[in-house]
Amino acid sequence: MNDAPALRIQPPAFLRETGLVSVMAALPEARVVGGAVRDTLAKRDVTDIDLATPRPPEQITKAL
């Protein structure tokens, strides 16, 4: 049994933006990659968000 307190991490603000929330709802397997991750870790403003998903482009277009 682990008695350590649970680690609570506040998600970055850009993950709560309405447009990104909608895209992630349509593509739940998508992940944020690239500069957005780097900028978040460096505590800089995220101005560009790239997503990766295993779906082919035709399925992404249909889902969105």
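See the structure shown above.
On a predicted model such as this, the values are computed, not experimentally measured, just so you know. (Residues numbered from 1 in each chain as written. Predicted model: local features only at pLDDT ≥ 70, side-chain atom pairs only at ≥ 80, totals over all residues. Heavy atoms only, no water.)

Remarks on the overall build of the protein
Where we set the bar: Counting from the N terminus, the helices are DSSP H or I runs at least four residues long and the strands are E runs at least two residues long. This radius of gyration counts C-alpha atoms alone. The globule rule is 2.2 Å times how many residues there are, raised to the power 0.38. Under the scheme applied here, a residue whose accessible area is under 20% of the maximum for its type counts as buried, over 50% as exposed, and between as partly exposed, the area being computed with a 1.4 Å probe on protein chains only. Throughout, a contact is declared for two residues whenever any of their heavy atoms are within 4.5 Å. Each accessible area value is a Shrake-Rupley result obtained with a 1.4 Å probe; residue values ignore everything except the protein chains displayed when judging cover. We count Lys and Arg on the positive side and Asp and Glu on the negative side, and we leave His and both chain ends out. Where a charge lies is defined by one atom per residue type: Lys uses NZ, Arg uses CZ, Asp uses CG and Glu uses CD.
In terms of helices and strands, the protein carries three helices and two strands. Moving toward the C terminus, one meets the helices and strands of the protein in the order α-β-α-β-α. The globule rule puts the C-alpha radius of gyration for 64 residues at 11 Å, and the 15 Å found for the protein is more than 25% above it. Dimensions along the principal axes, computed over C-alpha positions, put the protein at roughly 45 × 35 × 20 Å. Buried residues in the protein amount to 11% of all 64 residues. Counting contacts in the protein only where the partners sit at least 6 residues apart, residues at least 24 apart contribute 41% of the total. Per element, the accessible surface of the protein, about 5,300 Å² overall, is 58% carbon and sulfur. A distance of 4 Å separates the average location of the 8 positive side-chain charges in the protein from that of its 8 negative side-chain charges.

Some remarks on the environment of Ile49
Looking at the secondary structure, you find Ile49 in the loop between helix 2 (35-41) and strand 2 (50-52). Spatially, the C-alpha atoms of Ile49 and Val32 are 6.9 Å apart, while their sequence positions differ by 17 residues. Excluding residues that lie within four positions of it along the chain, Ile49 makes contacts with Phe14, Leu20, Val32 and Ala36.

Section: the pattern of salt bridges
What counts here: For this document, the term salt bridge refers to a Lys or Arg side-chain nitrogen within 4 Å of an Asp or Glu carboxyl oxygen.
For the structure on display, the rule yields three salt bridges. Arg55 is paired through a salt bridge with Glu29; the nearest N and O atoms lie 2.7 Å apart. With a gap of 26 residues between them, Arg55 in the loop between strand 2 and helix 3 (57-63) and Glu29 in the loop between helix 1 (18-26) and strand 1 (31-33) connect regions that are remote in the sequence. With a closest N to O distance of 3.1 Å, Asp39 and Arg38 form a salt bridge.

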